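The residues making up each chain are set out below.
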Amino acid sequence: MSSDQHLQEIRESVKAICDSYGEDYWRKLDQTQGYPTEFVKEITDSGFLGCLIPEAYGGAGLGLIEACTILEEISRSGGHPGAAHAQMYVMGSVLKHGSEEQKQKYLPAIANGQLRLQSFGVTEPSTGTDTTSLKTTATRAGDTYKINGQKVWISRVQHSDLMVLLARTKSIEERSSKTDGLSCFIVDLRGAEERGLTIRPIDAMINHHACELFFDDFEVPAGNLLGEEHKGFRVVMDGMNAERILIGAECIGDARYFTDKATNYANSRIVFDRPIGQNQGISFPIATAYAQTEAAALMVEKAARLFDAGEACGPEANMAKMLAADASWKAGDTCLQTHGGFVISREYHIERKLRETRLYQIAPISTNLILSYLSEHVLGMPRSF
Ligand SMILES: Cc1cc2nc3c(=O)[nH]c(=O)nc-3n(C[C@H](O)[C@H](O)[C@H](O)COP(=O)(O)OP(=O)(O)OC[C@H]3O[C@@H](n4cnc5c(N)ncnc54)[C@H](O)[C@@H]3O)c2cc1C
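Residues numbered from 1 in each chain as written. Predicted model: local features only at pLDDT ≥ 70, side-chain atom pairs only at ≥ 80, totals over all residues.

### Quick notes on the packing of helix α8 (residues 280–308) against helix α9 (residues 314–338)
The angle between the axes and the distance between the axes are what describe a pair of packed helices. Contact geometry of α8 with α9 gives a least axis separation of 8 Å together with a crossing angle of 160°. Viewed along their axes, α8 and α9 adopt a mutual orientation that is roughly antiparallel. Judged by the twist between their axes, the crossing of α8 over α9 is left-handed. Of the residues assigned to the contact of α8 with α9, the class counts are 17 nonpolar, five polar and three charged. (Axes fitted to C-alpha atoms, helices over the stretch in contact; angles between N-to-C directions. Helix = DSSP H or I, 4+ residues; strand = E, 2+ residues; numbered from the N terminus. Parallel < 35°, antiparallel > 145°, perpendicular 65-115°, else oblique. Left-handed = near helix turned anticlockwise from the far one by under 90°. Nonpolar A, V, L, I, M, F, W, Y, C, P; charged D, E, K, R; others polar.)

Structure (structure tokens):
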């Protein structure tokens, strides 16, 4: 079977699942800040959520290109793939850096849906993008580490069984380099609120289930250290290329969703006795959004294929995320303009999708930080910070 045919089959299967939920499902969740429990169960049972987990650990053993196709299709169908994308890339750190014991313990249970690993705890309120300055500490005490500190904007903590957490195991004064002295842990969130973790949901513009976390002498077994002690920044960095490519694919799905909706409306809405799409002021922006989306999609595909081939893909992963996020935001704005006043009605779904896709100018990495990476590491200009 050709690669294109194989991806097309995945696309059709994911679309069939998404169509059975429909856009009103996501609209109601958005209004109630609900979690898509039934949808997550179905894409887990169908094997799509565990697609990146190797067959030896109960997954489908597919590559990032297939994972991108799955996320793109969820977005394109009007859904929100947050619960799916997080598990895909967070699981990658367990796969790459976990001990054999950790992999046996967690991966098959993640693949069959017994455990959800949808939470990734890095961002802190006082340090933001400056990850290597983070302040949450993990202090070794016998067979455990005691975690103290605060995190912010950590998604899906209340809907996940496990979280990968980044914390400081060496003080800033003791570290040998900026990235030394941080460690990753697999945190069991079940019953965590009785053990020193306070979770405060954030009232937010999009339904991302993001929370503030406060750790007060919260104990994590030493056996839950992920990768080497003090080298956790590497663990996080290794997952970032996959994360950026997957988010890029999601943005392509959003961009195609917006372009489809705009085109359909431009063809069907009659004003001054003709379809509004007959006016080039309407059709040209849609055509521009289409061209920008197709160009960004090529970069997402290139990055995913490099990743799957085990080749370095930092520049491509960053460019894929940035170009796709820009394409989806511009396509969303165009879609909104095409619909005139009607788009303000929530039943058109477009305002929800526009809010959701706006996030990707900021998270998981902002456009400025991507541009600074390209300026310094690809083009060789001086570091700006
Ligand atoms: C809905 C949502 C969900 C999230 N989920 C998670 C999660 O699950 N886990 C997690 O760990 N984090 C999560 N985040 C956090 C997210 O990754 C951060 O918000 C993001 O990395 C930006 O950090 P910040 O908000 O602290 O911005 P800041 O670092 O304060 O930056 C603010 C602005 O200044 C700019 N800026 C900062 N420094 C520079 C510089 N040197 N050069 C140029 N511009 C600069 C940035 O580009 C940005 O526009 C989430 C955020 C949101 C909003």
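### Structural notes on α8
With 29 residues, α8 ought to run about 42 Å at 1.5 Å a step, and its terminal C-alpha atoms sit 41 Å apart, in line with that. Gly310, located one to two residues past α8, shows a positive phi value of around 75°. (Expected span 1.5 Å × (residues − 1).)

### What about the site of the ligand?
Lining the immediate environment of the ligand, one finds 24 residues, of which Val122, Thr123, Gly128, Thr129 and Ser366 sit closest. Those elements that provide at least two residues to the shell around the ligand are β1 (117–121), β3 (144–155) and α11 (367–378). Residues that form the shell around the ligand fall into these classes: 14 nonpolar, 10 polar and no charged. Split by domain, the residues of the shell around the ligand number at least three in each of domain 2 (118–231) and domain 3 (234–378). (Near = placed C-beta within 6 Å. Domains from an automatic or database assignment.)

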